[in-house]
Amino acid sequence: MILNTRSLVASVAAAIFSSTNAQNAFTGAVGFGAIATGGNSGTTYHVTTLADSGTGSFRDAVSGSNRNIVFDVSGYIVLKSAVSLSSSITINGQTAPSPGIGIMAGEVSASDKSNIIIRNLRMRQGNLDTDTGKSAFNMGGAKNVILDHCSIAYGQWDSIDGVGVTNITISNSIIAFPIGQQFGAHIEGNQATYYGNLWVSGHNRQPLSKANSQYINNVVYNYQAAYTVANTGGVFSHDIINNYFIAGPSTTSVSNYYYQVNAGQSVYAKGNYADTSKDGVFGGAQENKVGSAVVLAAPWASDSAAMASRSAADAYTYVLANAGASPRDEVDAFAVATVQTLGKSGVIYTNQASTGLSNGGYGTI
């Protein structure tokens, strides 16, 4: 075990950032983005149409700040262009009638905005969006953002892109089947929490985390590279606790569950498992050596240990049963079924249609 003054620095950082335990967003919110205020105390705006624009549309709903957005309709909203969110809004996808609400064919952007809460929303860009330089969800330069129980798929640049972020949480979500660059999430900035997510069939960046990070109770399947820092990514602290990495048919190097984590990083890793057998049987062994990173004796963030309430095996069961938007739709059901083959099935796709799902691969809501 390698220990040096970074352990002290990490402890100080944990004390400084302990205020992130606050749950302004909603009851049960975790991590750094939990301090988001959203539009919880603002004006309620009802989305009443699936149209791309106009009165009652999602685009109109997110055009103003201090809004608590609810949905009176269900189905896909097909974007004609990227949609930009305002600061201080809450998007309550769980209010949509069954079978829920989704955004397709364009980017949802929170770029340079703050205090945003997004729950139970499907964001599926796909190649109906001709702008290959955009992502399914973009929060570059954003501050105080939480995504919870969201379903994000078919991102072209990244599924989630966030360079220059501060205080973000991605929790209880499904990030699946990125196309284009085939990357899951690219996060750079200050504090980031990834909790209870299911990452399926990404080439890399599951996530790429150039930030002081909490990575807890995630499940990653059919990776080519999973948790990544990039050797040029700066100096950060990482709590990596009770995650499960499962190799699939596209996994060419099974040891790349941690990728490009060099001696510039400080890591507390405990209770992580990798199942590299590809044999259809749930198993694996503990894998807690993270590249050449400096080893921390304790979590750097004050709430990481409490957040890691499930073992990696329990997280696998819980995440597969509960992650993503509810009720679970065709795309998410396919993602979960793929993971349940435990190494026997899985493709890193170049377009959503290749999944063979309805509606050109977007599935039907």
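This structure is a prediction, so every number in the text was calculated from the model and none was measured.

Here is what the cut-offs are and how they apply
- Residues numbered from 1 in each chain as written.
- Predicted model: local features only at pLDDT ≥ 70, side-chain atom pairs only at ≥ 80, totals over all residues.
- Heavy atoms only, no water.
- Helix = DSSP H or I, 4+ residues; strand = E, 2+ residues; numbered from the N terminus.
- Contact = heavy atoms within 4.5 Å.
- Areas by Shrake-Rupley, 256 points an atom, 1.4 Å probe, with all protein chains shown as cover.
- Lys, Arg positive; Asp, Glu negative; His and termini not counted.
- Charge placed at Lys NZ, Arg CZ, Asp CG, Glu CD.
- Buried < 20%, exposed > 50% of the residue type's maximum accessible area, 1.4 Å probe, protein only.
- Pairing = 2+ DSSP bridges.
- Arc of directions from axis to C-beta.
- Phe/Tyr/Trp six-rings, centres within 6.5 Å; stacked < 30°, edge-to-face > 60°.
- Lys NZ or Arg CZ within 6 Å of the ring centre and 35° of its normal.
- Polar contact = N/O pair within 3.5 Å; in protein donor to acceptor, adjacent residues only side chain to side chain.
- Salt bridge = Lys/Arg side-chain N within 4 Å of Asp/Glu carboxyl O.

Caption draft 1: Seen up close, the overall build of the chain. In terms of regular secondary structure, the chain is built from five helices and 26 strands. For the chain, the spread of C-alpha atoms along the three principal axes comes to 60 × 45 × 35 Å. Residue pairs at least 24 apart in sequence account for 66% of intrachain contacts in the chain once pairs closer than 6 positions are excluded. Within the structure as shown, the chain displays about 12,300 Å² of accessible surface, and the carbon and sulfur contribution to it stands at 50%. Side-chain charges of the chain comprise 18 positive and 20 negative groups, with the mean position of each set lying 3 Å from the other.

Caption draft 2: Seen up close, the environment of Gly-126. Among the structural elements, Gly-126 can be located in the loop between strand S9 (122–124) and strand S10 (137–138). Every residue in contact with Gly-126, bar those within four places of it in the chain, is listed here: Tyr-154, Gln-156, Ile-179, Gln-352 and Tyr-362.

Caption draft 3: Broad picture of the environment of Val-83. By the element assignment, Val-83 lies in strand S4 (residues 83–84). Each C-alpha atom, one on Val-83 and one on Thr-228, is 29 Å from the other, the two residues being 145 residues apart in sequence. Leave out the neighbours within four places in its chain, and Val-83 touches Phe-58, Arg-59, Val-62, Glu-107, Val-108 and Ser-109.

Caption draft 4: Local environment of the pairing of strand S15 (residues 185–195). Burial within S15 is extensive, with eight of its eleven residues counted as buried. For strand S13 (residues 160–171) and S15, the ladder comprises nine bridges, and the chain directions are parallel. Each bridged residue has a counterpart across the sheet, and for Val-163 the counterpart in S15 is Glu-188.

Caption draft 5: Helix H5 (residues 330–339), seen in detail. Burial in H5 covers these residues: Val-331, Asp-332, Ala-335, Val-336, Thr-338 and Val-339. Mapping the buried residues of H5 onto a view down its axis gives an arc of 160°, with all of them on the same face. Each element contacted by the buried residues of H5 is listed here: S9, strand S12 (151–153), strand S14 (174–176), strand S16 (198–200), strand S18 (219–221) and helix H4 (312–322).

Caption draft 6: Expanded view of the packing of aromatic side chains. Counting across every chain of the model gives 18 aromatic pairs. Centre to centre, the rings of Tyr-244 and Phe-282 are 4.7 Å apart; their planes meet at 35°, and the pair counts as tilted. Of this pair, Tyr-244 sits in strand S21 (residues 244–246) while Phe-282 is found in the loop between strand S24 (273–275) and strand S25 (285–286), placing the two residues 38 residues apart along the sequence. Classification of Tyr-244 by relative accessible area gives buried; the value is 4%. Looking at Phe-282, the relative accessible area reads 33%, which means it is partly exposed. Taken together, the aromatic side chains of Tyr-194, Trp-199, Tyr-215, Tyr-227, Phe-245, Tyr-257 and Tyr-258 make up a single cluster linked through ring pairs. The side chain of Arg-119 reaches across the aromatic face of Phe-26, ending 3.8 Å from its centre. Between the NZ or CZ atom of Arg-310 and the centre of the ring of Tyr-318, over which it lies, the distance is 3.5 Å.

Caption draft 7: Molecular detail of the side chain of Glu-107. With respect to the helices and strands, the residue Glu-107 is situated in the loop between strand S6 (101–104) and strand S7 (108–109). Within the structure, the side chain of Glu-107 is placed 2.8 Å from the backbone nitrogen of Ser-135, a separation counted as a polar contact.

Caption draft 8: Highlighting the pattern of salt bridges. Applying the stated criterion across every chain, the model contains seven salt bridges. The shortest N-O distance in the salt bridge between Asp-329 and Arg-124 comes to 2.6 Å. In this pair, Asp-329 is assigned in the loop between H4 and H5 and Arg-124 in strand S9, connecting sequence segments 205 residues apart. Between Arg-124 and Asp-332 there is a salt bridge, with its nearest N and O atoms 3.2 Å apart. Of this pair, Arg-124 sits in strand S9 while Asp-332 is found in helix H5, placing the two residues 208 residues apart along the sequence. Taken as a pair, Arg-124 and Asp-332 share a single burial class, namely buried. Each of Arg-122, Arg-124, Asp-329 and Asp-332 takes part in salt bridges that share partners, so that together they form one network.

Caption draft 9: Geometry of the sheet that holds S9. Taking strand neighbours across the sheet as the criterion, the ten strands line up as S3-S6-S9-S12-S14-S16-S18-S21-S24-S25 in an open arrangement whose pairing is mixed. The open sheet is flanked by strand S3 (75–78) and S25, the only strands paired with a single partner.

Caption draft 10: Region of the structure containing H4. Looking at H4, one finds that the buried residues are Ala-312, Ala-315, Tyr-316, Val-319 and Leu-320. Axial view of H4: buried residues confined to an arc of 120°, hence all on one face. What points out from H4, more than 90 degrees from its buried face, is the exposed set Thr-317 and Ala-321. Where H4 is buried, its residues meet S16, S18, S21, S24 and H5. Remark: Gly-324 follows H4 within two positions and exhibits a positive phi of approximately 90°.

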